[in-house]
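These are the residues of each chain, in order.
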Amino acid sequence: MEIERKVNSLIQAAVPVITKVFSSKDDEGLSSAHTRGLPADHSGPVRVVEIEGVDQNMCCGTHLTCLSQIQMIKLLHTESKRGHTLLYFVCGDRVLSTLQTALNIQHQLNALLSCPPDAFPPMVDKLSKECRTFRKTAEKLSEELAVIHAASLRDSRDAVLSMHRGASDNEYSLTLQRELREVCEKRVLLLTMGEQ
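Now for a quick tour of the structure.

Calculation rules
Residues numbered from 1 in each chain as written. Predicted model: local features only at pLDDT ≥ 70, side-chain atom pairs only at ≥ 80, totals over all residues. Heavy atoms only, no water. Core = buried A, V, L, I, M, F, W, Y, C linked by side-chain atoms within 4.5 Å. Buried < 20%, exposed > 50% of the residue type's maximum accessible area, 1.4 Å probe, protein only. Helix = DSSP H or I, 4+ residues; strand = E, 2+ residues; numbered from the N terminus. Contact = heavy atoms within 4.5 Å. Pairing = 2+ DSSP bridges. Axes fitted to C-alpha atoms, helices over the stretch in contact; angles between N-to-C directions. Phe/Tyr/Trp six-rings, centres within 6.5 Å; stacked < 30°, edge-to-face > 60°. Lys NZ or Arg CZ within 6 Å of the ring centre and 35° of its normal. Salt bridge = Lys/Arg side-chain N within 4 Å of Asp/Glu carboxyl O. Patch = residues over 30% accessible without salt bridge, like charges linked within 9 Å, V, L, I, M, F, W, Y side chains within 5 Å. Areas by Shrake-Rupley, 256 points an atom, 1.4 Å probe, with all protein chains shown as cover. Right-handed = clockwise from strand over helix to strand, strands pointing away.

A separate point is the nonpolar core. Membership of the largest hydrophobic core is limited to nine residues, which are A146, A150, L153, L161, M163, Y172, L176, L180 and V183. Mapped onto this core, the elements with two or more residues apiece are α3 (120–154), β6 (160–165) and α4 (170–179). Residue contacts for Y172: discarding those within four places in its chain leaves S142, L145, A146, H149, M163, R165, L191 and M193. Membership of the second largest hydrophobic core comes to six residues, among which are I11, V15, V49 and L67.

Pasting the structure below:
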C-alpha cells in the first residue's frame with residue numbers, strides 16, 4: 001500500500017513530534033492548525049501537536065517525541081462506515097506478534113492442506129465444494145435408508161413401531177415420518193437418535 005510505505009518512511013526518518021502552546025484561541029499561530037474549532041466559551045492556552053512537515057492539530061493528549069518511537073506500522077484493512085473510511089492497523093511490537101500469529105496459522109494450514117500458502121485459497125475452495133457434494137450424497141443415502149426402514153416397519157404388526165439411530169440425522173427422521181404417516185394414524189412411532 002502506498003500510504004503504508006509513506007508512513008513507514010516518515011517513521012524511519014524519525015520525524016520530530018513538536019508540542020506548541022499558544023496563549024489563547026485568538027493567537028495568529030493557530031491559523032495553520034487543523035481543527036474543528038474550539039468551543040465558544042474556551043479560555044486560556046491552546047496546545048497544538050505538530051508532526052514536523054506533515055500536520056498539526058490541537059490536542060491535549062500524550063504524544064511521542066518523534067515518529068521513530070512507533071517503530072513501524074502495518075495497515076491491515078479498511079472499512080467504509082457512514083461515509084467515512086476506518087483504517088485498521090498495528091504498530092510497534094504488535095506488527096511482529098501479528099506476523100508470528102499469521103506464520104503459526106500458515107504452518108498449521110501447510111500441514112493440514114499439504115500445499116504451499118499460495119495454494120491455500122484454491123485448495124480450500126476445492127475442499128469446500130467436495131464437502132458440499134459429500135453432504136448432498138449423505139443426505140440422499142440417508143433418505144434412501146429411511147425409505148427401506150419405513151418399509152420394514154410398515155410390515156410389522158406391532159402397535160408401537162420403534163427405531164433407534166446412533167447418529168442424529170434430520171433427513172432420516174423427516175423421511176421416515178413422511179413414509180409412515182398413514183401407518184402412524186393407527187399406531188405409534190417411537191424414533192430415538194443419539195449414541196446413548
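Pairing in this open sheet of three strands is antiparallel, and the strands run β1-β2-β3 from one edge to the other. Taken across any chain shown, the strands that pair with only one partner, and hence form the sheet edges, are β1 (17–22) and β3 (55–58). Mean inter-strand twist for the sheet, computed between neighbouring axes without regard to direction, equals 20°. As defined by bridge partners, β1 adjoins strand β2 (residues 46–51) across six bridges and the pair is classed as antiparallel. Bridge assignment links V21 to a residue of β2, and that residue is R47.

Under the defined criterion, the tally for this structure stands at zero aromatic pairs. Over the ring of Y172 we find R165; its NZ or CZ atom is 4.2 Å from the centre of that ring.

On to the pattern of salt bridges. Side-chain pairs of opposite charge can arise where the charged atoms are in close proximity. For the structure on display, the rule yields six salt bridges. The salt bridge partner of R5 is E2, with a shortest N-O separation of 2.7 Å. Remark: E2 and R5 occur in helix α1 (residues 2–12); sequence separation between them is three residues, near one turn of the helix. Assessed through its relative accessible area of 48%, R5 is described here as partly exposed. Across the pair R154 and E179 runs a salt bridge, and its minimum N-O distance is 3.6 Å. One end of the pair, R154, is in helix α3; the other, E179, is in helix α4, and 25 residues separate them in sequence. Classification of E179 as partly exposed rests on a relative accessible area of 29%.

Here the focus is a nonpolar patch on the surface. Judged by side-chain polarity, M1, I3, V7, L87 and F89 come together as a nonpolar surface patch covering roughly 480 Å² of accessible area. Among the secondary structure elements, those contributing two or more residues to the nonpolar patch are α1 and β5 (84–91). As for its position among the elements, L87 is in strand β5.

Let us look at the pairing of β6. In summary, the side chains of a regular strand alternate between the two faces of the sheet. Taking every second residue as pointing to the same face, the buried face of β6 carries L161, M163 and R165, while none of V160, S162 and H164 on the other face is buried. Note: β6 against strand β7 (residues 188–193), six bridges, orientation parallel. Bridge pairing in β7 places S162 opposite L190. Taking the sense of rotation as the criterion, the β-α-β connection linking β6, α4 and β7 turns out right-handed.

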